[in-house]
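Coordinate analysis (summary)
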Amino acid sequence: MLLTFLPRLKPHIWGGQSVFDSISCEDLIMAFFPCVYFSCLSQMSISWEYHNYVNMTTKEATDMILERSKNREYFFGLAAKMLCVAKERGLRLIMENPWSMQHFLKSNFVVAPTFIDKDRSLRGDIYKKPTAYWFINCNRTNGLTIQKDKSVKRIVDQAHGAHAGLCSEERSMIEPDYARNFICDFILGKEQIGTQLSMFE
Amino acid sequence: MEINGKVHCFFEQSGTFKNEFIKLGIPAEDYDIQNNFGQTDHVIDLFAEIETAYMGGAKCL
């Protein structure tokens, strides 16, 4: 009889408790999912021509590439699973990830992003850095707060990561002004100083 | 959208958003496997949490 019921019980036995069990449908999850294996720099490292492989044999470089490819698949799976958990449980979730030209999720993902913020410097960030946002079980609002008051830096001019193919903390930084303006414009629909009012509201 | 509950900020760099939500009067906490700045509310392996939740188990409140 145990063998009959075990398949039905299995998801509940093997699943177990997780942090998602303490999150309600009245909450919001904001996930800045690690982009380390999706970024364009990482895509460049999936090539024998990558500069870090110059002094390696072809087999050594191939081993590095296969390891990176395996890690990328693992991270991809986790991102897909995270969205699935939120979608199935009715949890509101916003996932963020860079949206550079060769970003891995551009042509390979479970769902297209809700929108792309093409220029973060307009809302107070120090980088232009096109960024994609996926809204799961929730809708974005349409505010526009212009705060272009900082010198725009280039990602490529900032410190490199500690290891080849990894993004440095400096390149990952988000300005508090951008965070506030993003929250007001796209999550809360909250007017603040600097919000551009629309004639069509 | 209205947030009647709390905001849960996952992974690195989420602390900036956490702080801005709090300034806007919305309770927020952050979760990460690292605590480089000593401000992470929940030092937790989110990858393991995602895998556990995906496998099934208890559902949302």
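For the structure, check the block above.
One numbering rule holds for all chains: residues counted from 1, following each sequence as written. Working convention: letters from A go to chains and numbers from 1 go to ligands, in the order in which they are written. Restriction of local features to residues with pLDDT of at least 70 applies here, the model being predicted, together with a cutoff of 80 or more for giving and counting side-chain atom pairs; totals for whole chains, interfaces and linings are based on all residues. Only hydrogens and water are set aside when side-chain values are computed; all heavy atoms of the structure are taken into account.

**Some remarks on the sheet that holds strand β4 (residues 131-136) of chain A**
By this definition, two strands are paired if DSSP reports at least two bridges between them. Helix numbering and strand numbering both begin at the N terminus, where a helix is a DSSP run of H or I of at least 4 residues and a strand a DSSP run of E of at least 2. Strand order in the open sheet formed by 7 strands is β3(A)-β4(A)-β2(A)-β1(A)-β1(B)-β2(B)-β3(B), and the pairing between neighbours is mixed. If you trace the sheet from one side to the other, it starts and ends with β3 (115-117) of chain A together with β3 (42-43) of chain B, each paired once. Where β3 of chain A lies against β4 of chain A, 3 bridges are found, and the strand directions are antiparallel. By the bridge assignment for β4 of chain A, Asp117 of chain A is matched with Thr131 of chain A. Contacts between residues were defined by any pair of non-hydrogen atoms, one from each residue, lying within 4.5 Å. Whenever a helix is involved, its axis is fitted only over the stretch in contact; in every case the axis is a line through C-alpha atoms, and angles between N-to-C directions fall within 0 to 180 degrees. Relative to strand β2 (residues 93-98) of chain A, helix α3 (residues 58-89) of chain A is tilted by about 160°, and along the sheet it contacts β1 (28-32), β2 and β4 of chain A together with β1 (7-10) of chain B. Against the sheet, helix α1 (residues 14-23) of chain B contacts β1 of chain A together with β1 and β2 (28-32) of chain B, and its axis sits at roughly 170° relative to β2 of chain B.

**Overview of the nonpolar core**
Among soluble globular proteins, nonpolar side chains are generally buried collectively. Working definition of a nonpolar core: buried Ala, Val, Leu, Ile, Met, Phe, Trp, Tyr and Cys residues. They are joined through side-chain atoms within 4.5 Å. Residue exposure (1.4 Å probe, protein chains only): buried if accessible area is under 20% of the type maximum, exposed if over 50%, otherwise partly exposed. With 34 residues, the main nonpolar core has Phe20, Phe33, Met82 and Met95 of chain A together with Phe10 and Phe11 of chain B as its most contacted residues. Breaking this core down by element, the ones donating at least two residues are β1, α3, β2 and β4 of chain A together with α2 (46-55) of chain B. Considering every element that reaches this core, the biggest residue donor is α3 of chain A, with 8 residues. Apart from the residues within four sequence positions on either side, Phe20 of chain A is in contact with Ile29, Met82, Val85, Arg89 and Leu91 of chain A together with Phe10, Glu49, Ile50 and Ala53 of chain B. Listed in part, the 23 residues of the second largest apolar core include Met30, Phe182 and Ile183 of chain A together with Phe21 of chain B.

**Looking at the pairing of β1 of chain B**
Residue alternation in β1 of chain B divides its side chains into two sets, Val7 and Cys9 of chain B and His8 and Phe10 of chain B, and both sets are buried. With 4 bridges joining them, β1 of chain A and β1 of chain B adopt parallel strand pairing. When the bridges of β1 of chain B are listed, Ala31 of chain A appears paired with Phe10 of chain B. Judged from the 4 bridges that link them, β1 of chain B and β2 of chain B form a sheet pairing that is parallel. Counterpart to His8 of chain B in the pairing with β2 of chain B is Glu29 of chain B. In this region the chain leaves β1 of chain B, passes through α1 of chain B and returns to the parallel neighbour β2 of chain B; the handedness of that crossover is right-handed. Handedness of a crossover: with both strands directed away from the viewer, a clockwise path from the first strand across the helix to the second marks it as right-handed.

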